Amino acid sequence: MYNENRQTSPIAERKARWNAFRALDPKVKRMHLVTFEKDAPVQPKLWPSKGAERVDWIEAYYNFMSEQAQWLDDDRIPYLNFLTGTEIFAEAFGCKIYRPLDNMPFALPAVQNAREAAALKVPDLFNSPLALQFELAEKVIARTGKNMPLRLPDVQSPMDIAALIWEKSDFYIAMIEDPEAVKELAAKVCVLLTSFFDEWFRRYGTKYIAHYPPYYMEGGLTLSEDEIGAINTDMYDKFFLPELSYLSEHYGGLGIHCCANSEHQWNGFLKIPNLRFLNLIQPAPTIQKAYPVFHGRTPQWHYYSTITAPFNAMERQFPDTHIVLEANANTKDEALRLAYDMKSLK
């Protein structure tokens, strides 16, 4: 249980609050975050040739957050922002990567049909582009030390990654006409994914920041699950639930981000053992329905508009539900006021 009287450093206190919040401790029902990015270092392009710039930026962004944490009384924990795109696991299976000038990199399909998918082999972790992620992480750790939590690389479920590798229109047809081929590719992806994160956690520990949104975790794995918006509940149980359950059991829990229209899959989310966190991005009426569905099951941090509003009527309707509140500030004075108002909210 959370102990309000414990004598700890401010950052240790924040970590303790996050742990209590994720455990659904009744004493910690709200986490409060103020986003104030004025003077934050500009993110470099996520290109292989920009490795040195990325290491510089990760260190600079950590210093920016650490300085902010000294004067802003919210629940954010400074971290090493090991930012990636969604492409890294698909690239390891041979996908070419498109790197636009004004957006994140993304993968182009590597296979067009079940025959080509069956020919894919599970790549060796360190003889694939994924080796670059460890090289960058080692450089970051060497520069900054080992005591700061790393943000996980962007990761999707094995089925979602398979949908990046396999041309999507044929992929969905195959889910009906050749389901074993789809499962086979997803199983290969799962082998690579677990190989990667087994090694990642062995090297860098299991206290980390989720890839999205950036909440603090101890143990478990966090991932994105978006393809479920396009399939029915039977297909979810057949293709998605087994691998999500396996990953949750393997790593000791699962945190899920989903920006798909997934209301029809909410009961499926509740079937995942040890669901430790949930983030949905949907219109406000949908989020209003989500709060009571997941109340008492898992903490929630949802987005339903481009401007977060932590004091609106929606969250006030659910005073006993574990919810992350976030607000954007344009000035330091506004950030201080929002943090104070958040902490005062009952």
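Keep in mind the model is a prediction, meaning the values are calculated, not measured.

Novice: I tried to follow the sheet that holds strand β6 (residues 221–224) on my own but got confused; where do I start?
Specialist: The pairing of strands in a sheet happens through backbone hydrogen bonds and is either parallel or antiparallel. Here we have 3 strands laid out as an open sheet, ordered β6-β7-β8, and parallel in their pairing. With one partner strand each, in any of the chains shown, β6 and β8 (275–280) form the two edges of the open sheet. Shown here is a sheet whose adjacent strand axes are inclined to one another by a mean of 15°, direction ignored. Two elements, β6 and strand β7 (residues 254–258), share 4 bridges in a ladder whose sense is parallel. Bridging across to β7, threonine 222 finds its partner in glycine 255.

Novice: In this structure, what is going on with helix α5 (residues 131–144)? I would like to understand it.
Specialist: Given 3.6 residues per helical turn, the α-helix brings residues three or four places apart onto the same face. Between its first and last C-alpha, α5 extends 20 Å over 14 residues, near the 20 Å set by a 1.5 Å rise per residue. Along α5, the residues classified as buried are Ala131, Gln133, Phe134, Leu136, Ala137, Val140, Ile141 and Thr144. Where α5 is buried, its residues touch α2 (51–71), α3 (88–92) and α8 (179–204). Phi turns positive, to about 100°, at glycine 145, one or two residues after α5.

Novice: Explain the pattern of salt bridges here, please?
Specialist: Two side chains that carry opposite charge are able to pair once their charged atoms sit near each other. Summed over the entire model, instances satisfying the criterion amount to 17 salt bridges. Residue lysine 168 is joined to glutamate 227 by a salt bridge in which the shortest nitrogen-to-oxygen separation is 2.8 Å. With lysine 168 in helix α7 (residues 168–177) and glutamate 227 in the loop between β6 and α9 (233–251), this residue pair connects regions lying 59 residues apart in the sequence. By relative accessible area, which is 33% here, lysine 168 ends up partly exposed. Classification of glutamate 227 as buried rests on a relative accessible area of 12%. A salt bridge links arginine 203 to glutamate 199; the shortest N-O distance between them is 2.7 Å. Of this pair, arginine 203 and glutamate 199 both sit in helix α8, 4 residues apart, which is roughly one turn of the helix.

Novice: Can you walk me through the confidence of the model for the chain in this structure?
Specialist: Note that predicted coordinates carrying low pLDDT should not be read in detail. On average, residues of the chain score 93 in pLDDT, and 95% of them are at 70 or above. Segment residues 1–7: pLDDT under 50, and 12 contacts once partners within four positions in sequence are set aside and those in other chains are kept.

Novice: Quick question: what am I supposed to make of the pairing of β8 here?
Specialist: Side-chain direction in a regular strand flips from residue to residue, so the side chains alternate between the two faces of the sheet. Along β8, 6 of the 6 residues are buried, which leaves the element largely enclosed by surrounding structure. Pairing of β7 with β8, which is carried by 5 bridges, proceeds in the parallel orientation. Its bridge partner being in β8, cysteine 258 is matched across the sheet by leucine 280.

Novice: Teacher, can you tell me more about the packing of α5 against α8 here?
Specialist: The packing of two helices is summarised by the inter-axis angle and the distance between the axes. Packing of α5 against α8 brings their axes to within 12 Å, and their N-to-C directions diverge by 10°. Compared by their axis directions, α5 and α8 come out roughly parallel. Of the residues in α8, those in contact with Gln133, Phe134, Ala137, Glu138 and Ile141 of α5 are Phe196, Glu199, Trp200, Arg203 and Tyr204. Its residues placed into classes, the contact of α5 with α8 shows 6 nonpolar, 1 polar and 3 charged.

Novice: Looking at this structure, I do not really get the environment of arginine 151. What am I missing?
Specialist: Within the secondary structure layout, arginine 151 lies in the loop between α5 and α6 (158–165). With relative accessibility at 9%, the residue arginine 151 sits in the buried group. Separated by 42 residues in sequence, arginine 151 and proline 109 have C-alpha atoms that sit 27 Å apart. Beyond its immediate sequence surroundings of up to four residues, arginine 151 is in contact with Tyr79, Leu80, Asn81, Phe82, Leu83, Trp200, Ile209, Ala210, His211, Tyr212 and Pro214.

Criteria and cut-off values
- Residues numbered from 1 in each chain as written.
- Predicted model: local features only at pLDDT ≥ 70, side-chain atom pairs only at ≥ 80, totals over all residues.
- Heavy atoms only, no water.
- Pairing = 2+ DSSP bridges.
- Helix = DSSP H or I, 4+ residues; strand = E, 2+ residues; numbered from the N terminus.
- Axes fitted to C-alpha atoms, helices over the stretch in contact; angles between N-to-C directions.
- Expected span 1.5 Å × (residues − 1).
- Buried < 20%, exposed > 50% of the residue type's maximum accessible area, 1.4 Å probe, protein only.
- Contact = heavy atoms within 4.5 Å.
- Salt bridge = Lys/Arg side-chain N within 4 Å of Asp/Glu carboxyl O.
- pLDDT = per-residue confidence, 0-100.
- Parallel < 35°, antiparallel > 145°, perpendicular 65-115°, else oblique.
- Nonpolar A, V, L, I, M, F, W, Y, C, P; charged D, E, K, R; others polar.

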